Amino acid sequence: MTEPIEDRTDQTSATAPTAKQAYRAFTPTMALQIAAPHTWPAAILPCLVAFAAAAVTAESVSVTLAFALLAISILMQASVNTFNDYYDYVKGTDDANADVAVDDAVLVYNNVNPKSALKLAVGFLVAAFALGAYVIWQAGWTPLALGVVGAVFVVAYSAGKTPISYLPLGEVVSGVVMGGLILVASYQALTLTMPPTVVPWALPTVIGIGLIMMTNNTCDIERDVEANRRTLPATLGRAKARTLYHALLWAWMALIVLNVAVFFTNGLPVLVFAGLACMPLLKPLLANPLAGNTRQAAMGQICTVNVALGAFYAAAILASGGMQLAL
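Residues numbered from 1 in each chain as written. Predicted model: local features only at pLDDT ≥ 70, side-chain atom pairs only at ≥ 80, totals over all residues. Heavy atoms only, no water.

Draft legend 1. Geometry of the packing of aromatic side chains. Applying the stated criterion to the full structure yields seven aromatic pairs. Look at F83 and Y87: their rings are 6.3 Å apart centre to centre, the planes differ by 20°, and that puts the pair in the stacked class. Linking F83 with Y87, this pair stays in helix α3 (residues 63-90), spanning four residues, or about one helical turn. An aromatic cluster of at least three residues, connected via ring pairs, comprises Y187, W201, F263 and F264. (Phe/Tyr/Trp six-rings, centres within 6.5 Å; stacked < 30°, edge-to-face > 60°. Helix = DSSP H or I, 4+ residues; strand = E, 2+ residues; numbered from the N terminus.)

This is the structure we're talking about:
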């Protein structure tokens with residue numbers, strides 16, 4: 001049975017659904033779109049780096065446990081994306097006038113009950129914690145404690161009267177939770193240890209994933225100011241935000257080189273190929289004005305650079321030593 005749609009006065013585009021229409025079914029395709037698979041590198045790469053570091057520093061690594069940790073991280077990322085889309089929609093922040101692809105704004109361009117998205121976001125979290133039972137069985141309670149911290153930030157990022165996404169903290173929180181906490185928790189679960197060196201190992205992924213959020217927020221400065229979102233780029237202004245953005249890009253690459261040189265020295269030759277492969281990808285990103293009309297291009301560029309640098313970082317770590325795998 002269908003329900004009448006809530007009155008949405010902020011949807012002004014002819015391509016967006018109009019008021020008082022019957023809701024469409026929330027399909028599996030829409031569920032996948034709102035989970036935003038193109039952002040999953042933010043969950044996959046920290047796990048990949050953690051697995052690489054564990055493989056060369058531990059006696060053996062469980063492949064089954066590694067895949068369970070990867071699935072949990074992807075489910076957490078999907079939950080973040082879905083919560084964010086839901087709360088942006090109900091608060092009127094997202095609308096059809098924004099420069100977003102149709103498949104990247106499911107609630108805006110499809111006349112579906114937004115509560116379906118909220119239930120899906122909660123479902124992703126529940127599934128992540130269900131898989132976490134296996135991780136606890138294998139690795140103890142420490143990964144659960146770290147997972148609870150991550151889950152709190154997942155909800156706090158979008159929910160509440162003043163969510164984290166409305167403050168100049170979004171880049172830091174997304175980078176630390178996705179790039180840092182996931183890597184540290186995964187390494188601890190795989191090795192049952194948490195050496196201090198895992199913190200510098202995580203810094204490149206913290207910056208890389210934080211830059212995904214900063215890319216989006218810098219492109220959306222005008223929309224965020226209008227919506228009273230005090231993001232870091234909105235606070236700095238586009239010129240200063242781009243200066244900081246470029247500095248972080250170079251710091252990201254420098255930290256990868258420094259980590260490999262200090263901790264995984266035998267992997268340094270891999271970084272030669274990383275430079276040859278990644279510089280052509282970095283040039284258009286450095287030239288991008290990070291404005292509203294270049295948002296889609298910029299997001300594609302930063303995600304591609306994340307994949308390339310993250311994969312080469314993990315490959316350099318793996319190249320530095322042997323590894324023993326187990327089920």
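After that view, the rundown keeps rolling.
Draft legend 2. Layout of the pattern of salt bridges. Counted by the stated rule, this structure contains four salt bridges. Among the ionic pairs, E222 bridges to R238, the shortest N-O distance being 2.8 Å. Taken together, the positions of E222 in helix α9 (residues 221-226) and R238 in helix α11 (residues 238-263) put the pair 16 residues apart, joining distant regions of the chain. Sharing partners across several salt bridges, the network here consists of D220, R223 and R295. (Salt bridge = Lys/Arg side-chain N within 4 Å of Asp/Glu carboxyl O.)

Draft legend 3. Geometry of the packing of helix α7 (residues 170-191) against helix α8 (residues 198-219). Between α7 and α8, whose axes approach to 7 Å, the crossing angle comes to 145°. The interaxial crossing formed by α7 with α8 has right-handed handedness. In contact with G170, E171, S174, G175, V176, M178, G179, G180, L183, V184 and Y187 of α7, α8 contributes V198, W201, A202, T205, V206, I209, G210, M213, M214 and N217. Partitioned by chemical class, the residues of the contact of α7 with α8 number twelve nonpolar, eight polar and one charged. (Axes fitted to C-alpha atoms, helices over the stretch in contact; angles between N-to-C directions. Left-handed = near helix turned anticlockwise from the far one by under 90°. Contact = heavy atoms within 4.5 Å. Nonpolar A, V, L, I, M, F, W, Y, C, P; charged D, E, K, R; others polar.)

Draft legend 4. Quick look at empty space enclosed by the protein. In total, this model carries two cavities of 30 Å³ or more according to the counting rule given. Approximately 330 Å³ is the volume attributed to the largest cavity. As for the largest cavity, its lining consists of 21 residues, and the residues nearest its centre are I72, P143, L146, G147 and A185. For the lining of the largest cavity, a count of residues per class yields 16 nonpolar, five polar and no charged. Lining of the second largest cavity is provided by L45, P204, T205, I209, W252, I256, N306, G310 and Y313. Of all the secondary-structure elements, those providing two or more residues to the lining of the second largest cavity are α8, α11 and α13 (295-319). (1 Å grid on protein atoms, 1.4 Å probe; cavity = no way out; pocket = protein on both sides within 12 Å on 5 of 7 lines; lining within 4 Å. Points joined across faces, edges and corners; volume = space filled by probe spheres on them.)

Draft legend 5. Representation of the packing of helix α2 (residues 41-57) against α3 in the model. Where α2 meets α3, the closest approach of the two axes is 8 Å, and the angle between their N-to-C directions is 155°. On the basis of their axis angle, the class for α2 and α3 is roughly antiparallel. Crossing hand, α2 versus α3: right-handed. Only A66, L69, L70, S73, I74 and Q77 of α3 make contact with α2, whose side of the interface consists of A42, A43, I44, C47 and F51. Broken down by class, the residue content of the contact of α2 with α3 amounts to nine nonpolar, two polar and no charged. (Parallel < 35°, antiparallel > 145°, perpendicular 65-115°, else oblique.)

Any functional reading would require information that these geometric values do not contain.
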